[in-house]
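One-letter residues, chain by chain:
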Amino acid sequence: MIKRDCYRALLILVGFLSLRLTYGNENIERIFFQGNRTFSQKTLQKLINLKIKQPVDEITLAQDLQAIKTFYQNEGFLLATVESRLEKGKIGEIVYFLISEGPRFRISAIELAGQSAFSEKKIMHLLNIKVNDYLINRNLEEANKKLMALYKNSGYPYVSLEREVKIQDSLANVYFSLQEGPLSYIKEVKIRGNNTVKTRTIVRACEIRKGEKFSQEQLYQAQRRLYATRLFARVSFYVIGMEERKDSLTIRFDVIELPSRVFNFGVGYQLPPSRFLFGLGWKHLNILNRGQNLSLNSEFTPNFKGDYELNLEAVYKVPFLIRMPLNFATRPFFNLTSLDRNRTTE
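In what follows, the accompanying structure is described. (Residues numbered from 1 in each chain as written. Predicted model: local features only at pLDDT ≥ 70, side-chain atom pairs only at ≥ 80, totals over all residues. Heavy atoms only, no water.)

Re a positive patch on the surface
Working step 1: On the surface, Lys187, Lys190, Lys210 and Lys246 cluster together into a positively charged patch.
Working step 2: Here Lys190 is to be found in strand β7 (residues 185–192). (Patch = residues over 30% accessible without salt bridge, like charges linked within 9 Å, V, L, I, M, F, W, Y side chains within 5 Å. Areas by Shrake-Rupley, 256 points an atom, 1.4 Å probe, with all protein chains shown as cover. Salt bridge = Lys/Arg side-chain N within 4 Å of Asp/Glu carboxyl O. Lys, Arg positive; Asp, Glu negative; His and termini not counted. Charge placed at Lys NZ, Arg CZ, Asp CG, Glu CD. Helix = DSSP H or I, 4+ residues; strand = E, 2+ residues; numbered from the N terminus.)

Some remarks on the sheet that holds β7
Working step 1: One open sheet accounts for three strands, arranged β7-β9-β8; its pairing is mixed. Each end of this open sheet is capped by a strand with a single partner; those strands are β7 and β8 (232–240). Taken over all neighbouring pairs, the strand axes of this sheet differ in orientation by 20 degrees on average, direction set aside.
Working step 2: Taken together, the seven bridges between β7 and strand β9 (residues 248–257) define a ladder with parallel strand orientation. Bridge pairing in β9 links Val189 to Ile251.
Working step 3: Where helix α6 (residues 199–206) meets the sheet, it contacts β7, β8 and β9, and its direction lies at approximately 135 degrees from that of β7.
Working step 4: Against the sheet, helix α7 (residues 216–228) touches β8 and β9, its axis set at about 160 degrees to β8. (Pairing = 2+ DSSP bridges. Axes fitted to C-alpha atoms, helices over the stretch in contact; angles between N-to-C directions. Contact = heavy atoms within 4.5 Å.)

Overview of the sheet that holds strand β2 (residues 81–88)
Across a sheet, strands are paired by hydrogen bonds formed along the backbone, either parallel or antiparallel in direction.
Working step 1: Taken in spatial order, the three strands of this open sheet run β1-β3-β2, and their pairing is mixed. At either end of the open sheet lies a strand with only one pairing partner, and these are β1 (28–34) and β2. The average angle at which neighbouring strand axes cross in this sheet is 15 degrees, direction not considered.
Working step 2: In this sheet, strand β3 (residues 93–100) lies alongside β2 in antiparallel orientation, the contact comprising eight bridges. Paired with Arg85 across the bridge in β3 is Tyr96.
Working step 3: Where helix α3 (residues 58–74) meets the sheet, it contacts β1, β2 and β3, and its direction lies at approximately 30 degrees from that of β3.

Regarding the pattern of salt bridges
Working step 1: Scanning all chains against the criterion turns up 11 salt bridges.
Working step 2: With a closest N to O distance of 3.5 Å, Arg37 and Glu101 form a salt bridge. One end of the pair, Arg37, is in the loop between β1 and α2 (41–45); the other, Glu101, is in the loop between β3 and β4 (106–113), with 64 residues separating them in the sequence.
Working step 3: Overall, the relative accessible area of 65% leaves Arg37 in the exposed class.
Working step 4: Arg104 is the salt-bridge partner of Glu75, the closest N and O atoms lying 3.4 Å from each other. Linking Glu75 in the loop between α3 and β2 with Arg104 in the loop between β3 and β4, this pair joins segments that are 29 residues apart in sequence.
Working step 5: You can call Arg104 partly exposed: its relative accessible area is 22%.
Working step 6: When salt bridges with common partners are traced through the structure, they connect Glu26, Lys88 and Glu93 into a single cluster. (Buried < 20%, exposed > 50% of the residue type's maximum accessible area, 1.4 Å probe, protein only.)

Brief notes about the nonpolar core
Working step 1: Grouped together as the largest cluster of nonpolar side chains are 22 residues, with contacts concentrated most on Ile202, Cys206, Ile208, Leu226, Phe232 and Phe253.
Working step 2: Of all the elements in the fold, those that place two or more residues in this core are β7, α6, α7, β8 and β9.
Working step 3: With four residues, the top contributor of residues to this core is β9.
Working step 4: Apart from residues lying up to four places away in sequence, Ile202 is in contact with Ile191, Asn194, Val197, Leu226 and Phe232.
Working step 5: Of all hydrophobic cores here, the second largest spans 21 residues; its members include Ile123, Leu135, Ala143 and Leu161. (Core = buried A, V, L, I, M, F, W, Y, C linked by side-chain atoms within 4.5 Å.)

Looking at a nonpolar patch on the surface
Working step 1: Judged by side-chain polarity, Phe263, Phe265, Val267, Tyr269, Leu271, Phe276, Phe278, Leu280, Trp282, Leu296, Phe300 and Phe304 come together as a nonpolar surface patch covering roughly 1200 Å² of accessible area.
Working step 2: When residues of the nonpolar patch are traced back to their parent elements, those giving at least two are β10 (261–270), β11 (275–287) and β12 (292–302).
Working step 3: Secondary-structure assignment places Phe300 in strand β12.
Working step 4: On the basis of relative accessible area, Phe300 is assigned to the partly exposed category, the value being 33%.

The structure is reproduced here in structure tokens:
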């Protein structure tokens, strides 16, 4: 019996302490940033998760300290430090973020190594970073992406790039080291998964030609073109020969076809003038299995006075006329308007 009472008392004490730990922290009354000369309090406020009228959370506070420090370092303040201080206010805690920015590093030199396919002048223009610029991390990352895209879209799928930043005093030397790899071409374009659409129709819509230089962006453009035909539910592509680092690559597109016949029907009401709208349409997206489109549409619009208008339309589209990326379309139509000639107006 005594052990049970002691156990209950211990549980009550633990619960009481838990409540004190949970609800004992005062809410935040104000948040201040000190030492920030370059960035405003409004800018820094967006970086943190601590909020006024909420309790101080040690984990969140530590994360906010790191977020501010990372922000400064990415903006070129490599030696920036951030600390916090808590003070009692009139109705809660006052949180201070104490920032020591330190010097803002500038780029003193930019050097390239390993490039032969393109001139240094062209690459430097592409990078869009210059000597005496601030050492801003996002600009360096953007330069990396641009340089890699230049090579991958110009026939160099195996290109690799390393970037190194060497610091001296408040200056930084930035080094880009390239390994271009072999210049690669398109050996063949294959299609897999098509049942009704002809392979040559799909290859033609891709606009990727045998013997062209490899281009990663061109593959994504080809994928978008195939989706734009509305013939496929899914389009994916694979580059065959990359693992062996071949300079002659095969591109394979895997497709899943959509139904090529579409029927649509619509009903509406128009104001003003007051009239009903009835629409009926049929479309074939793959005439002769060549990706040619035929659509037949009709629209009937009667009103309450006995008048009506009837529109009939046919549209026939031929993509890649005479084997060129030139679309041909013909659009015959018929319009009939009927008015009640016996109606009189007083």
